[in-house]
Amino acid sequence: MICIFCRIVAGEVPAEVVLRDAATVAFLDVSPLADGHVLVVPAAHVARVEDLTEDAAVSLFRAVTRLAGPVRAAVGAAGTTIGINNGDATGQTVPHVHVHIVPRREGDGASSVHGIFRSGPRRPVAEVGMAIRGRIAGSAD
Ligand code: AMP
Ligand code: ZN
């Protein structure tokens, strides 16, 4: 599949690129949530985090760690919220993995990641932990 981010990676669609290596490209979001809002994407099209190769994942997160400080400093921010919408149900609008790095300031009115979710009845933590460990044990790798 070829998507808008694939076209940015290929240089077919203009973008304000801030970092590029063989496996990863980072560019400014066209509709920024704050000045300095950067998207970091794997060069190869992959829709979801769980489909990244190990090498692509390592390169992607290495780029995030390289960018977090410079992005924050370039706009004089106090911190960054770093997040991934992973799948249609989460509000992912571009089906190519992308890490949002959004500079934050004291009192900017945005919430933490916890603000996304309403609290409500939950399954017991131990039960859910067992279910996840079971899935990991049953997976191919
Ligand atoms: P998400 O909702 O997590 O899928 O975020 C997709 C992001 O991509 C949004 O913040 C958009 O503003 C951004 N976006 C979409 N098209 C472009 C583009 N051509 N260049 C830069 N950012 C884009
Ligand atoms: Zn793509």
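So, how was this worked out
- Residues numbered from 1 in each chain as written.
- Chains lettered and ligands numbered in written order.
- Predicted model: local features only at pLDDT ≥ 70, side-chain atom pairs only at ≥ 80, totals over all residues.
- Heavy atoms only, no water.
- Near = heavy atom within 4 Å.
- Polar contact = N/O pair within 3.5 Å; in protein donor to acceptor, adjacent residues only side chain to side chain.
- Areas by Shrake-Rupley, 256 points an atom, 1.4 Å probe, with all protein chains shown as cover.
- Helix = DSSP H or I, 4+ residues; strand = E, 2+ residues; numbered from the N terminus.
- Phe/Tyr/Trp six-rings, centres within 6.5 Å; stacked < 30°, edge-to-face > 60°.
- Buried < 20%, exposed > 50% of the residue type's maximum accessible area, 1.4 Å probe, protein only.
- Donors = N, O, S within 2.8 Å, 3.2 Å for Na, K, Ca; no water.
- Pairing = 2+ DSSP bridges.
- Axes fitted to C-alpha atoms, helices over the stretch in contact; angles between N-to-C directions.
- Contact = heavy atoms within 4.5 Å.
- Salt bridge = Lys/Arg side-chain N within 4 Å of Asp/Glu carboxyl O.

> Kindly report on the site of ligand 1, identifying the contributing residues and their values.
Around ligand 1 lies a shell of 16 residues, among which Asp29, Asn85, Thr93, His98 and His100 are the nearest. Take Gly91: an N or O atom from its main chain is 3.1 Å from an oxygen atom of ligand 1. Between ligand 1 and His100 there is a distance of 2.8 Å, counted from an oxygen atom to a side-chain nitrogen or oxygen. For ligand 1, whose accessible area on its own is 500 Å², the fraction buried by protein is 80%. Looking at the shell around ligand 1, the elements that each hand over two or more residues are α1 (4-9) and β2 (24-28).

> Explain the packing of aromatic side chains to me, using residue names and the numbers behind them.
Applying the stated criterion to the full structure yields one aromatic pair. Ring geometry for Phe5 versus Phe27: centroids 5.3 Å apart, planes at 70°, classification edge-to-face. You can see Phe5 sitting in helix α1 and its partner Phe27 sitting in strand β2, a full 22 residues away along the chain. Residue Phe5 is classed as buried on the basis of its relative accessible area of 7%.

> Explain the coordination of the zinc ion (ligand 2) to me, using residue names and the numbers behind them.
The coordination sphere of the zinc ion (ligand 2), as far as protein atoms go, consists of Cys3 (SG), Cys6 (SG), His45 (ND1) and His96 (ND1), spread over 2.1 to 2.2 Å. Within one chain, the residues donating to the zinc ion (ligand 2) are spaced in sequence as C-x2-C-x38-H-x50-H. Of the two residues, Cys6 sits in helix α1 while His96 sits in the loop between β4 (79-83) and β5 (99-104), which places them 90 residues apart along the sequence. Its relative accessible area of 11% is what places Cys6 among the buried residues. Classification of His96 by relative accessible area gives buried; the value is 0%.

> So what about the sheet that holds strand β1 (residues 17-20)? Which residues, and what values?
Reading across from one edge, β1-β2-β3-β5-β4 is the order of the five strands in this open sheet, with antiparallel pairing throughout. One side of each edge strand has no neighbouring strand; the edge strands of this open sheet are β1 and β4. Geometrically, the sheet is characterised by an average inter-axis angle of 20° between neighbouring strands, direction not taken into account. Across the sheet, helix α2 (residues 54-74) touches β1, β2, β3 (38-42), β4 and β5, and the angle it forms with β3 is around 165°.

> Break down the pattern of salt bridges for me, citing the residues and quoting the values.
Under the criterion given, the structure shown has five salt bridges. With a shortest N-O distance of 3.3 Å, Arg7 and Glu12 are connected by a salt bridge. Measuring nitrogen to oxygen at the nearest pair gives 3.8 Å for the salt bridge that ties Glu50 to Arg48. Salt bridges sharing partners connect three or more residues here, namely Arg48, Glu50 and Asp51.

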